[in-house]
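# Structural overview for review
Chain by chain, the residues run as shown.
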Amino acid sequence: MNIFEFRQEVINQYASYVSSFVYIRDRDVRAYVDAQMRSGVFWPDPLAQLNPNFTPGGSVSDLVSQGVLHPDCAALFAAGEPRSPLNLHAHQRDAARLAREGRSYVVTTGTGSGKSLTYILPIVDHVLRRGSGKGIQAIVVYPMNALANSQVEELSKFLGDNGPVTFRRYTGQEKREEKDAIIANPPDILLTNYMMLELILTRQDEAALVRAAEGVRFVVFDELHTYRGRQGADVALLIRRLRERLRAPDAICVGTSATMSSSPVYAERQRAVADVASRLFGLDMTPEQVIGEMLERVTSGEPGTAELKAAVAAPVPSTFETFIRDALVVWLENMVGLRWDGEAKRYDRQPPQAVAGDGGLAAQLALETGLPVMQCLEALQGRLLAGNALQHPATGRPVFAFRLHQFISKAATVYAPLLPCAERLEHLTLRGQVYAPESGRTLRLYPLEFCRNCGQEYYSVRRVPDPDTGREVFVARGNEARQESTPDDGYLYLGDPPGPWTRRSCLSACPTTGWRRRTANCA
């Protein structure tokens, strides 16, 4: 699949759908809205970002030989045919080592980095060493049941349904018979959500689960960033009650998240995450216990202008060796892949950038090489697609797996001032604001509504008394007025008499208020 062509097809279909039910009678307003749609204001150019390669951390067998993991882990955590022990990322290896030392930790790596293994490996290792069937030895808490369901499938791949380590989901969606079976025979690993965990601690029916979990070794909270504000305070108190009730002051607390801090400075991110984790778990967490992602480049170097021009004109490389040496591929990894953090001595991800459009990668490349923008765009898209198809010989993963972020806005409202048609054109905007731009806060804006039958525009207003003069004035509904409908809400028509009613009876008079109101035929 060519993701760029697929994206364009989706946008074309959405644009056709949106424009199919927008009928605007006023030619100037219609031209303005059409121009905005063509400019892509509702669907800007997509942003591209490379999925980086994680620094290798050896294999499960390596950790077994070092005494970090139980020998049976090598057979359980294996893949391929013939099956061989999994290769780990550096952050997965470091998590296993911290857990072996009995220290709590937080893993803050990106999506698709295998965060689940950072706690599943140590938990399985602990159960294998202590023995299965000795109560609940790990509680893993997810913010959504869907995540717990997904984890059940992942655990089944490694542990099977009748393996040496047992696990069960207990989130509230189970049938009564299934709940009774779990209470009667508690698993080694319990997957739940924080609301159900609260109920387990308080309901008499689940008292057996509480007794089975006494002395629990691991308390894991996945997607730690979701617990903030009042909910974060509730979860922090829940964790404290849990550790006290289960007599587990030395339980290893683990958190995972991809978006805990947005600081551009690595040391600041580590300190911020450690501070949040300390408050949530009720323990002292140092920055050394925050495991960030360790990344490595596929390419190297800094190509010159002549090399870039030659690469743009050349065919897309088709093999791994020629691909990673291609000057344009190197340029791409520099732009939307990785950047070197000299202070922290590590690589960080580059922010996503648009490929097309003003200021996009193609425009930047054209400026640097002097070549046409379309030629640069085709060359860049070709490299991205080829890199996603080629496999890295060491990892078996795509060399240049990339994401295309597409943001799509819902249909917007047109705002205009209470002026004659010819004078309001320069003040039309899709931004919901009180005053027209560059009007010195003197020209108020009002949302326009359009009749679905005839396309006539009306100002959506509310009639209120002026606090200074007591006279009735109009305010825009949705800006200063409350959203709830009142008898003083209406639609204001500005224009020469006799107005649109001689053309089509789209409005009728309200016998109570005297206001003109829309009939069922109007949108």
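Within each chain, residues carry numbers counting from 1 in the order of the written sequence. Whole-chain, interface and lining totals are the exception, using all residues; otherwise, since this is a predicted model, local features are given only for residues with pLDDT of at least 70 and side-chain atom pairs are given and counted only at 80 or more. Note that the side-chain values use all heavy atoms of the structure and ignore hydrogens as well as water.

### Considering the environment of G80
With respect to the helices and strands, G80 occurs in the loop between β4 (78-79) and β5 (84-85). Separated by 83 residues in sequence, G80 and G163 have C-alpha atoms that sit 19 Å apart. Think of it this way: any DSSP run of H or I at least four residues long counts as a helix, any run of E at least two long counts as a strand, and we number them from the N terminus.

### Re the layout of surface pockets
Only protein atoms enter the calculation, which uses a 1 Å grid: trapped sets of points that fit a 1.4 Å probe without letting it out are cavities, open sets showing protein on both sides within 12 Å along at least five of seven lines are pockets, and any residue with an atom within 4 Å of a point is a lining residue. Grid points are joined across faces, edges and corners, and a volume is the space filled by probe spheres set on the points. Size it by volume and the largest pocket reaches roughly 880 Å³. Forming the walls of the largest pocket are 37 residues, and the residues nearest its centre are F54, N87, H89, G112 and R397. Among the secondary structure elements, those contributing two or more residues to the lining of the largest pocket are β2 (53-54), β3 (56-59), β5, β6 (87-89), α6 (117-130) and α7 (145-159). With 5 residues, the single largest contributor to the lining of the largest pocket is α7. Class assignment of the residues belonging to the lining of the largest pocket gives a composition of 14 nonpolar, 17 polar and 6 charged. Just so you know the grouping, Ala, Val, Leu, Ile, Met, Phe, Trp, Tyr, Cys and Pro go in nonpolar, Asp, Glu, Lys and Arg go in charged, and all remaining residues, Gly too, go in polar.

### Looking at the confidence of the model for the chain
pLDDT: the predictor's confidence for each residue, scored from 0 to 100. The predicted model of the chain averages 89 in pLDDT, with 93% of residues at 70 or higher. Across residues 509-515 the pLDDT falls below 50, and counting only partners more than four positions away or on other chains, this stretch makes 16 contacts in the model. Residue contacts are defined here by distance: any two heavy atoms, one from each residue, within 4.5 Å place the two residues in contact. Counting interchain partners and residues more than four positions distant, the pLDDT-below-50 stretch residues 517-523 has 24 contacts.

### Digging into the pairing of strand β20 (residues 446-450)
The buried label applies to any residue whose accessible area, calculated with a 1.4 Å probe on protein chains only, is under 20% of its type's maximum; exposed applies above 50%, and partly exposed to all values in between. When you tally the buried positions in β20, you get 4 out of 5 residues, the bulk of the element. For two strands to count as paired, DSSP must find a minimum of two bridges between them. Here strand β19 (residues 415-416) pairs with β20 via 2 bridges, running antiparallel. What sits directly across from A416, in β20, is Y446. Across 3 bridges, β20 lies against strand β21 (residues 457-465) in antiparallel orientation. Directly across from L448, in β21, lies its bridge partner Y459. The turn joining β20 and β21, which pair antiparallel and follow one another in sequence, is formed by 6 residues; a positive phi near 80° is taken by G455.

### Quick notes on the sheet that holds strand β7 (residues 105-108)
The strand order across the open sheet formed by 7 strands is β9-β10-β8-β11-β12-β7-β13, and the pairing between neighbours is parallel. The outermost strands of the open sheet, each flanked by one partner alone, are β9 (167-169) and β13 (290-292). Ignoring which end each strand starts from, the neighbouring axes of this sheet average 15° apart. With 3 bridges connecting them, β7 and strand β12 (residues 252-256) associate as parallel partners. Bridge pairing links V106 to G255 in β12. Axis definition: a line fitted to C-alpha atoms, over the contacting stretch in the case of helices. Angles run 0 to 180 degrees between N-to-C directions. Set on the sheet, α6 makes contact with β7, β8 (138-142), β10 (189-193), β11 (218-221) and β12; between it and β11 the angle comes to about 165°.

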